[in-house]
Amino acid sequence: SPGWPGLIEAYRSRLPVSDTTPVITLHEGATPLVHARELSSRTGCEVYLKVEGANPTGSFKDRGMTMAITKAVEEGAKAVICASTGNTSASAAAYAARAGITCAVLVPQGKIAMGKLAQALVHGAQLLQVEGNFDDCLALASKLAIDYPVSLVNSVNQYRIEGQKTASFEIVDVLGDAPDIHCLPVGNAGNITAYWQGYREYAADGTATSTPRMWGFQAAGAAPIVNGAVVENPSTIATAIRIGNPASWTKALAARDDSGGRIDAVTDRAILSAYRLLARTEAVFVEPASAASVAGLLQVHAAGELEPGQRIVCTVTGNGLKDPEWAISGAPAPITIPVDAAAAAAQLGL
Ligand code: F0G
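Residues numbered from 1 in each chain as written. Predicted model: local features only at pLDDT ≥ 70, side-chain atom pairs only at ≥ 80, totals over all residues. Heavy atoms only, no water.

Asker: Sorry, what's going on with the nonpolar core here?
Answerer: In a soluble, globular protein the nonpolar side chains are often hidden away together inside. Among the nonpolar cores identified, the biggest contains 36 residues, and Leu39, Leu49, Val294 and Ile312 are the most heavily contacted of them. Secondary-structure elements contributing two or more residues to this core are strand S2 (46–51), strand S7 (181–185), strand S8 (213–219), helix H12 (268–282), helix H13 (292–302) and strand S10 (311–316). Excluding residues that lie within four positions of it along the chain, Ile312 makes contacts with Cys45, Glu46, Val47, Tyr48, Ile181, Cys183, Leu297 and Leu306. Counting residues in each nonpolar core, the second largest holds 30 residues, with Tyr48, Ala167, Leu175 and Val313 among its members. (Core = buried A, V, L, I, M, F, W, Y, C linked by side-chain atoms within 4.5 Å. Buried < 20%, exposed > 50% of the residue type's maximum accessible area, 1.4 Å probe, protein only. Helix = DSSP H or I, 4+ residues; strand = E, 2+ residues; numbered from the N terminus. Contact = heavy atoms within 4.5 Å.)

Asker: What exactly am I supposed to notice about the site of the ligand here?
Answerer: Looking at the ligand, there are 19 residues lining it, with Ser84, Gly187, Asn188, Ala189 and Thr317 nearest. Here an oxygen atom of the ligand sits 2.8 Å away from a polar atom, N or O, in the side chain of Asn87. Contacts to the ligand include Ala189, whose backbone N or O atom sits 2.7 Å from an oxygen atom. Within the complex, the protein chains bury 99% of what would otherwise be the 470 Å² of accessible surface of the ligand. The site holding the ligand turns out to be the largest cavity. Elements with a contribution of two residues or more to the shell around the ligand: helix H4 (87–99) and helix H9 (190–204). By residue class, the composition of the shell around the ligand is 7 nonpolar, 10 polar and 2 charged. (Near = heavy atom within 4 Å. Polar contact = N/O pair within 3.5 Å; in protein donor to acceptor, adjacent residues only side chain to side chain. Areas by Shrake-Rupley, 256 points an atom, 1.4 Å probe, with all protein chains shown as cover. 1 Å grid on protein atoms, 1.4 Å probe; cavity = no way out; pocket = protein on both sides within 12 Å on 5 of 7 lines; lining within 4 Å. Sits in = over half its atoms within 2 Å of the grid points. Nonpolar A, V, L, I, M, F, W, Y, C, P; charged D, E, K, R; others polar.)

Next up, the structure:
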C-alpha cells in the first residue's frame, strides 16, 4: 500500500528479515516527535515527546509485535501467547488477527485497563484472566511456550527488542543526532533495553555521533530495579508498569550504567500530576504509565540535578484513551443544561 510502509520496510537493512520474510504490518512507527513547550520552559532544556500512542493499537508494543509476529509466521507458528498488563495483549491480538493465527493472552485479573481488554477481545484473542499478577502471568506463559506448540511474544523474545529499537532510529533521523538524555517508563524493562540497543547501533556505524544517557522511571510501588529487590506485591495506579520482577532487569542495569544514566522511582501522585500537565499544556493525552517518563524528568529537575540546555526526549508509551478512568475521576462532573443558548452562555460565563 502507499505511504509509510511500516518499520520493517523502513529499516529493513537493520532488522533480521530476508527477501522471503512474510512481513505482517499495520504500518506502525513514524510516530510524532512533538516539541514540548511547557516542559522545555520549566526545565530550561529542549524537550520532545515521542508519542507512541500514535501507533496502530495505541502503544509502542506494535513496534515489537510487527517483528515478533512476522518471525513467528516465518517460522511456521500457528499460535502465539503472551502475558500482559494490557498493551502487549492488545498488540499481539491485532497482529495475530492480521496474520490469521491464534493468539492467547494471560492477564492479571482485574488489573488491566478496560480499553486494553476491549482490544484483545475485539481482535479475537483467547483471553484468560489469571488469579495472580503480571509476573505470575509471564511465568505461566513462558512455561506454556516450552511445553506446548505456541510461540512466546513477550519482550524476552529478541525479535520484540529488534522491532522496538527502531524508535531510537526515528528520533535520531528527525533530530539529526542522538539527544543528550532519553527518559522512559520502566516495567518489564524491554523498552529501555531496545532503545539502548538502537542508539548504540546508530552510534556504532556513525549515523549518530553519540548515545544519550538513559533515564528510566519505575512507579514507587513497583520499583524492583530501584530497590534492588523483587517486589512481591507491586502496586501502582499505572497498571501497565505494575511489575515486581522485570524479565530484562540485567539489561536495564546495563543500559543505565553503560549510558551513564539513572533509574529512579516516581510516586503515583507525581505520575498523575505529569499526566494532567501533559494533557493540558502539551495537548498529549497519554495513559498514566506513560507519564512516568515526564514525572521522572520533572523530579530530577526539582532536585536540582538537571543541567539546562540539554536536548531531551521523553517517550510517552501509550494512548490515554486506553485507560480514561483517571481523566474522568479527576475532572468535575459535567453540567446539564436545557436546549437553550442563554443557559449555555450563562454556564460558560460568556
Ligand atoms: N508504558 C506502557 C504503556 C506499557 O504498556 C509498558 C509495558 C511500559 C510502559 C513499560 O515497558 O515493560 O518494556 O519496560 N507494558 C507491558 C504489557 C508489560 O504487558 O503491555 P517495558
